[in-house]
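# Structure at a glance
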Amino acid sequence: MDLVRHLAYFVAVAEELHFGNAAARLGMAQPPLSQRVKRLEEELGVRLFDRSSRQVALTEAGRLLLPEAREIVLRVERLRDLVGGAADGAGTTVRAAVPSDLGGAVLAALIAGFRARCPGVRLSLAEMGTAAQAAALLDGGLDVGVLRHPVTASGLGFGPVLVQHPGVLLPEGDELASWSAVHLADLAGRALVLFPRESEPGLHDETLATCRRHGFAPVEVSPAANAGFALGLVLSGTAVALGPPAGVPGTVWRPLAGAPIAWRCSTAWRGEPGPHVGDFTAVAVRVLREDAGMADDAAAPARRVAPRPATGFLA
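Overview of the structure. No experiment lies behind these values; they were computed from the predicted model shown. Residues take numbers from 1 onward in each chain, read along the sequence in its written order. Under the rules for a predicted model, residues below a pLDDT of 70 receive no local features and side-chain atom pairs below 80 are neither given nor counted, while totals for whole chains, interfaces and linings still include all residues. Hydrogen atoms and water are omitted, and side-chain values are computed over all heavy atoms in the structure.

## Quick look at the overall build of the protein chain
Along its length, the protein chain carries 9 helices and 14 strands. The C-alpha atoms of the protein chain give 20 Å as radius of gyration, which agrees with the globular expectation for 315 residues (20 Å, within 12%). Its C-alpha atoms give the protein chain principal-axis dimensions of about 60 × 50 × 35 Å. Relative accessibility decides the category of a residue: with a 1.4 Å probe and only protein chains considered, values under 20% of the type maximum give buried, values over 50% give exposed, and everything between is partly exposed. Scored against the burial criterion, the 315 residues of the protein chain give a buried share of 45%. Surface accessibility follows the Shrake-Rupley procedure with a 1.4 Å probe radius. Residue values consider only the protein chains on display as shielding. Carbon and sulfur atoms provide 54% of the accessible area of the protein chain, an area that totals close to 15300 Å². Here the protein chain contributes 30 positively and 32 negatively charged side chains, and the mean placements of these two sets differ by 3 Å. Numbering of helices and strands runs from the N terminus, with a helix taken as a DSSP run of H or I at least four residues long and a strand as a DSSP run of E at least two residues long. Here the radius of gyration uses the C-alpha set of atoms, whereas the globule reference equals 2.2 Å times the residue count to the power 0.38. Think of it this way: Lys and Arg go in the positive column, Asp and Glu in the negative one, and His and the chain ends go nowhere. By convention, the charge on Lys lies at NZ, on Arg at CZ, on Asp at CG and on Glu at CD.

What follows is the structure, given as structure tokens:
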């Protein structure tokens, strides 16, 4: 069995939580994908998914495997890039990672901006949570990442910190949907769908602490790594979600009164920034401001890194 390939299949299904969507993403039919995931389960001796006619959910074993599987697949891809580059004389590659919730338009703007700034440099981009990014940066698996604060890992350097104040996503028939703004305390008694703690441990804990401090102690917190799963819970009235403005049919987004929650992010790297890390940072900061609606964080301490020649690094 090609373990790495089977892990890649598992990651696709785990991120989509839908075998049909995962098969389309991988460019294959659904039955072979189901068979290969089953083969992986047999090889590992555990059940990775709870399957029903209505939904697919990760088991506890699946949740534990997901970050490790992502890292293994990423490392193998990096090795192939490295060996392939040496064989064909390819130029510099910048290995970068971003959060999974940036959105397609923001991601496309980031890639296009970097290509325009560094036309001779290949950008190898992966989707990763903060915990996995920090580990990959520290052990050399990544050159630069866009991660969420707070970050407890030591040995990392950071670019400018940007902040985003999320609002609440409600089903359009909700009684709060007619309000112009919602206080966190108005959400009392409801369940919350939020990104998994294992991907963003610091921000997850900080967000829930802020909710409780302002009178919203969710009756249940449902982890959702996939935007479609989170949207399904909101549309069904099962839970509310926090996030940036979203124009999704069947839902209504409302700002939180007083903007009590602050989600912060920045680029990060290990030690001194390597070649083109400054270029990536400059593009990322511009795109996050212009396309993701983020703003400079006045509360963040000023950070300045001396520019490296030919990188255009912006402190």
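## Some points on the nonpolar core
Definition used in this section: a nonpolar core is a set of buried Ala, Val, Leu, Ile, Met, Phe, Trp, Tyr and Cys residues joined via side-chain atoms within 4.5 Å. Counting 25 residues, the largest nonpolar core has L110, F114, V146, F280 and L288 as its most contacted members. Contributing elements (two or more residues each) for this core: β3 (93-98), α5 (104-117), β5 (144-149), β13 (263-270) and α9 (277-290). In terms of residue count, α9 provides more of this core than any other element does, 7 residues in total. With 23 residues, the next largest nonpolar core counts A12, M28, L58 and L65 among its residues.

## A look at the sheet that holds strand β9 (residues 192-194)
Taken in spatial order, the 5 strands of this open sheet run β10-β9-β11-β8-β12, and their pairing is mixed. Pairing within the sheet leaves two strands with one partner each, and these edge strands are β10 (221-223) and β12 (251-254). Going across the sheet, the axis of each strand differs from the next one's by a mean of 30°, ignoring polarity. A pair of strands is considered paired only if DSSP assigns at least 2 bridges between the two. Of the pairings in the sheet, the one linking strand β8 (residues 167-171) to strand β11 (residues 240-243) comprises 3 bridges and is antiparallel in character. Within β11, the residue paired with G167 across the bridge is G243. Contacts: residue pairs with any heavy atoms within 4.5 Å of one another. Lines fitted to the C-alpha atoms define the axes, with helices restricted to the stretch that makes contact. Angles between their N-to-C directions range from 0 to 180 degrees. The strands that helix α7 (residues 201-213) touches are β9, β10 and β11; relative to β9, the one it contacts most, it runs at about 155°. Sitting on the sheet, helix α8 (residues 227-235) is in contact with β8, β9, β10, β11 and β12, with an inclination near 60° to β8.

## Notes on the pattern of salt bridges
Pairing between side chains of opposite charge can happen when their charged atoms approach one another. Salt-bridge detection follows one rule: a side-chain nitrogen of Lys or Arg within 4 Å of a carboxyl oxygen of Asp or Glu. In this structure the tally under the stated criterion is 16 salt bridges. With its nearest N and O atoms 1.9 Å apart, the salt bridge here joins D50 to R47. R75 is the salt-bridge partner of D139, the closest N and O atoms lying 2.2 Å from each other. Of this pair, D139 sits in the loop between α6 (130-138) and β5 while R75 sits in helix α4 (residues 60-88); the two residues are 64 residues apart in sequence, bridging distant segments of the chain. By relative accessible area, which is 34% here, R75 ends up partly exposed.

## Focus: the state of the cysteines
A pair of sulfur atoms, both from cysteines and within 2.5 Å, is called a disulfide here. Per the stated rule, a full pass over the model turns up 0 disulfides. With no disulfide of its own, C118 has C265 as its nearest cysteine by sulfur position, at a separation of 20 Å. Classification of C118 as buried rests on a relative accessible area of 5%.

## Re the packing of helix α2 (residues 19-26) against helix α3 (residues 30-44)
Pairs of packed helices are described in terms of their axes, by the angle between the two and the distance that separates them. Running from amino to carboxyl end, α2 crosses α3 at an angle of 105°, the nearest separation of the two axes being 9 Å. The orientation of α2 relative to α3 falls into the category roughly perpendicular. Residues F19, G20, A22, A23 and L26 of α2 lie in contact with α3, whose contacting residues are Q30, L33, S34 and V37. Side-chain classes follow a simple rule in which Ala, Val, Leu, Ile, Met, Phe, Trp, Tyr, Cys and Pro form the nonpolar group, Asp, Glu, Lys and Arg form the charged group, and the remainder, Gly included, forms the polar group. Across the contact of α2 with α3, the residue classes break down as 6 nonpolar, 3 polar and no charged. In these notes the angle categories are as follows: under 35 degrees is roughly parallel, over 145 is roughly antiparallel, 65 to 115 is roughly perpendicular, and the rest is oblique.

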